[in-house]
Amino acid sequence: MPVMASPTSPTSTLTLTDPGVSRVLSSLDQLSSKAGGNSLDLVFLKDLLESTDFISLLKVHEKVTTPESPSLDARFVDASDLLTEVCDELQDVYTEDGQELLCLLLRPHFKALLQAHDTIGQKEFLPELPEVPHEVDEDDESAIKLVRLVKGQNEPLGATIHLNEETGIVRISRVLRGGAADRCGMIQVGDEVQEVNGTGVSGMQADHVIKLLSNAVGPIVLKLVPAVADDEEDSEVKMRVRAQFTYNPTNDQSMPCKEAGLAFSKGDVLLVVSMTDPTWWQAKLQRDPKMRAGLIPSRELQEKRSAVLKASSWQNNNTKEAKSQRSWFSPRLNKKSKKNRKCSQTEDDSELSLTYEELSLYHPQGDRFRPIILLGPLGVGRSTLKRLLIESNPGHFKSPIPHTSRPRKGSEVNGEDFIFISKSEMETEIENKKFLEYGEFKGQYYGTNIDQVQVLIDQGSACLLCPQPQALKVLRNGEIKPYTILVKPPDLDEFRETRCSAENANDETLLTDEEVHDLIAAANQMEALYAHYVDHVITNGDLQRTVNELGEIIHCLENEPQWIPAQWLT
Ligand SMILES: Nc1ncnc2c1ncn2[C@@H]1O[C@H](COP(=O)(O)OP(=O)(O)OP(=O)(O)O)[C@@H](O)[C@H]1O
């Protein structure tokens, strides 16, 4: 039997072929002549580079890294059969050596070894990935990426998809950590899936696409249109959250390093880049993603702090009662209001644990539009803006039909002007918290029922609402998915200028300077309290400009993906 030379054996015939190492050796020679051949370090290094161990390692490295290196396929995979044949032959050889060899070959360990060799030799360890097609549709202007990944037989793809029923577009909606899709590192949330192993998925039923993906085994080629990246930093973002509180690290006694803290305001969207420390997360502000990450209290820490705050405010119940009855109107405007508006929900935010609200990407659904809430103090102009939007596109924008307990008048049509129900029915619905808000006028109820909002969503209209802020608690859920715009008044000068030049301007509509100051203060206070529910803030100065701005915001809302509370999508 041939005896293999050990790599360290002095009889080894290995020679150095690596040009890089040869260059280093020749420069060592030059150095050693300059150093007079005395430097021990140089001698040591030269010996090391010329040692057979090192040269063997280099050869191994070269083999592994050379793409053209011979494949690792087994030469033959029938060693067990060969063994049987050899043993048969040896039965007839009666020499001592022949019998000794037969004994050796018949040993169960040897047989098992050859069986193992054959089994491994038949396995395909390097999966044959299908060729990425060269021909790309030249008419298709969108950039595409072809992702090849290998998934085990019972292994899920590790990504969820979302089918837009209107457009038939299938997108990646989640990539699960550590799954096959995540490991390949090329699949992002929002990518549009065009083909799976050459089969087009556009227009396919969602369950067919899921089946196609989950049934595919081994190598899979996905043709994807990359999602439009929000920012370059996206890949390092672990979670996107909206802050429900304002934070200033300089006032935080337990912050380990105040300079490393990140200040943010209620409503700011934060990109959390590290959550490894259970007490202090690292985050950036979405509006300034290029800045370095700073420390923020983790959700766990903030929940504890918020529980302590809640306990102390609970002792002061009377103050809370006063807050829940807060009026968003200056006294004169309040008197002008015909109805005394109330909300089904009167809890204050102090009831909530104010930490972070996790956000997920939501893709517009085509024919289901998110209702738009115009928030703002009375007199800022929300009804006017709502009316102008409806006039601009009456087939699209709608306002829910209000309910009333008062009797129908002459030409009024039930279900068009109002939904007429009895007082007791209305009281039951109020009890059941079905009204976003309701009011009493001359002993009769008027109110907006949440079901009417749902009716508009289901019929494919863009529902416009101008409720009091307390109604947000009824509206903000996964069924309704509202988009909230805070309408603020401009400063006193611009307010004067724009309101005086309005077509309907008269002594009744024009506010005194004091009332404008009250209005501005009420808007600021509303922003301070509800910023974490607000998606956009606009200033209602010039009327036409504000209507145009609203139109643009709503156009984006209906056509572009948006970040919404993650729990609305579960
Ligand atoms: N941008 C604007 N320029 C000029 N006048 C405006 C503007 N916006 C609103 N107005 C006028 O201000 C007055 C108050 O507006 P509006 O009634 O729409 O306020 P509101 O906040 O909706 O209050 P309410 O809840 O009572 O309807 C109206 O006379 C309206 O015509």
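The model shown is predicted, which means the values in this text are computed figures rather than measured ones.

With that settled, the discussion passes to the pairing of strand 6 (residues 218-225). Here strand 6 lies mainly inside the structure; 7 of its 8 residues are buried. Taken together, the 7 bridges between strand 1 (residues 145-151) and strand 6 define a ladder with antiparallel strand orientation. Bridge pairing in strand 6 links L146 to K223.

To continue, consider the nonpolar core. Residues L375, L436, V453, L465, L475 and Y530 are the most contacted members of the largest nonpolar core, which totals 20 residues. Broken down by secondary-structure element, the contributors of at least two residues to this core are strand 13 (372-375), helix 14 (450-458), strand 19 (462-465), helix 15 (472-475) and helix 17 (513-530). Among the elements that line this core, the one with the most residues is helix 14, at 4 residues. Listed in part, the 19 residues of the second largest apolar core include L374, V380, L389 and Y483.

Now for the sheet that holds strand 21 (residues 536-539). Backbone-to-backbone hydrogen bonds join strands into a sheet, with any given pair of strands oriented parallel or antiparallel. Ordered in space as 14-19-13-20-21, the 5 strands form an open sheet in which the pairing is parallel. Each edge of the open sheet is held by one strand with a lone partner, namely strand 14 (397-398) and strand 21. Note: strand 13 against strand 19, 2 bridges, orientation parallel. Bridged to I372 within strand 19 is L464. Sheet strands in contact with helix 18 (residues 543-559) are strand 13, strand 14, strand 19, strand 20 (483-488) and strand 21, and its direction is about 165 degrees off that of strand 21.

By nearness alone, 17 residues border the ligand, and L378, S383, T384, N540 and G541 come closest of all. Within the backbone of G379, an N or O atom sits 2.9 Å from an oxygen atom of the ligand. One of the side-chain N or O atoms of R499 is found 3.5 Å from a nitrogen atom in the ligand. Protein coverage of the free-state accessible area of the ligand, which is 620 Å², stands at 79%. For the shell around the ligand, the secondary structure elements donating two or more residues are helix 12 (382-392) and helix 16 (492-500).

What follows deals with helix 12. Those residues of helix 12 not exposed but buried are R382, L385, K386 and L389. Buried residues of helix 12, seen end-on, are gathered within an arc of 100 degrees and therefore sit on one face of the element. With respect to the buried face of helix 12, the exposed residues turned more than 90 degrees away are S383 and E391.

Taken together, F44, L45 and L48 make up a surface patch of nonpolar side chains, about 280 Å² in accessible area. Its place among the elements puts L45 in helix 2 (residues 40-50).

Of note, N197 is a non-glycine position whose phi angle comes to about 50 degrees, a positive value. Relative to the helices and strands, N197 is located in the loop between strand 4 (192-196) and strand 5 (199-200). For K442, which is not glycine, the phi torsion reads 50 degrees and is therefore positive.

For the protein chain, mean pLDDT is 82; residues scoring 70 or higher make up 82% of the total. Of all the helices and strands in the protein chain, helix 10 (residues 317-324) carries the lowest mean pLDDT, 45, while strand 13 carries the highest, 98. A low-confidence stretch, residues 1-13 stays under pLDDT 50, and its non-local contacts, those more than four residues away or across chains, total 8 contacts. Across residues 318-326, where pLDDT falls below 50, the model places 9 contacts with residues more than four positions away in sequence or in other chains.

On the surface, a cluster of negative charge is made up of D78, D81, E85, D88, E89 and D92. Along the chain, D88 falls in helix 4 (residues 79-91).

Our focus in this paragraph is the pairing of strand 13. The side chains of a regular strand alternate between both faces of the sheet. Of the two faces of strand 13, the one lined by I372 and L374 and the one lined by I373 and L375 are each fully buried. When strand 13 meets strand 20, the two strands line up parallel, connected through 4 bridges. When the bridges of strand 20 are listed, I373 appears paired with T484.

What follows covers the pattern of salt bridges. Applying the stated criterion to the full structure yields 15 salt bridges. Residues D268 and R287 are paired through a salt bridge, measuring 2.8 Å at the closest nitrogen-oxygen approach. With a gap of 19 residues between them, D268 in the loop between strand 7 (239-243) and strand 8 (269-274) and R287 in the loop between strand 9 (280-285) and strand 10 (294-297) connect regions that are remote in the sequence. Overall, D268 belongs to the buried group, its relative accessible area being 11%. Salt-bridge contacts for E357 lead to R476; the nearest nitrogen and oxygen are separated by 3.4 Å. On the criterion of sequence distance, the pair formed by E357 in strand 12 (residues 356-362) and R476 in the loop between helix 15 and strand 20 is long-range, its members being 119 residues apart. Just as E357 is buried, R476 falls in that class too.

All right, on to the sheet that holds strand 22 (residues 562-565) then. Pairing is antiparallel in the open sheet, where 6 strands are placed in the order 10-9-8-7-12-22. In this open sheet, the two strands that pair with only one neighbour each are strand 10 and strand 22. Across the sheet, the mean angle from the axis of one strand to that of its neighbour is 50 degrees, orientation sign disregarded.

Our focus in this paragraph is the packing of aromatic side chains. Enumeration according to the criterion identifies 9 aromatic pairs in this entry. Here F418 and F420 contribute two aromatic rings whose centre-to-centre distance is 5.9 Å and whose plane-to-plane angle is 55 degrees, an arrangement assigned as tilted. Exposure remark for F418: the relative accessible area of 16% places this residue in the buried category. Residues Y438 and Y445 carry aromatic rings whose centres are separated by 6.3 Å and whose planes lie at 70 degrees to one another, so their mutual orientation is edge-to-face. By relative accessible area, Y438 is classed as buried at 16%. These aromatic residues form a ring-pair network of at least three members: F245, Y247, F264, W281 and Y356. Just above the ring of W563 sits the side chain of R240; from NZ or CZ to the centre is 3.9 Å.

Conventions adopted
Residues numbered from 1 in each chain as written. Predicted model: local features only at pLDDT ≥ 70, side-chain atom pairs only at ≥ 80, totals over all residues. Heavy atoms only, no water. Buried < 20%, exposed > 50% of the residue type's maximum accessible area, 1.4 Å probe, protein only. Helix = DSSP H or I, 4+ residues; strand = E, 2+ residues; numbered from the N terminus. Pairing = 2+ DSSP bridges. Core = buried A, V, L, I, M, F, W, Y, C linked by side-chain atoms within 4.5 Å. Contact = heavy atoms within 4.5 Å. Axes fitted to C-alpha atoms, helices over the stretch in contact; angles between N-to-C directions. Near = heavy atom within 4 Å. Polar contact = N/O pair within 3.5 Å; in protein donor to acceptor, adjacent residues only side chain to side chain. Areas by Shrake-Rupley, 256 points an atom, 1.4 Å probe, with all protein chains shown as cover. Arc of directions from axis to C-beta. Patch = residues over 30% accessible without salt bridge, like charges linked within 9 Å, V, L, I, M, F, W, Y side chains within 5 Å. Salt bridge = Lys/Arg side-chain N within 4 Å of Asp/Glu carboxyl O. pLDDT = per-residue confidence, 0-100. Lys, Arg positive; Asp, Glu negative; His and termini not counted. Charge placed at Lys NZ, Arg CZ, Asp CG, Glu CD. Phe/Tyr/Trp six-rings, centres within 6.5 Å; stacked < 30°, edge-to-face > 60°. Lys NZ or Arg CZ within 6 Å of the ring centre and 35° of its normal.

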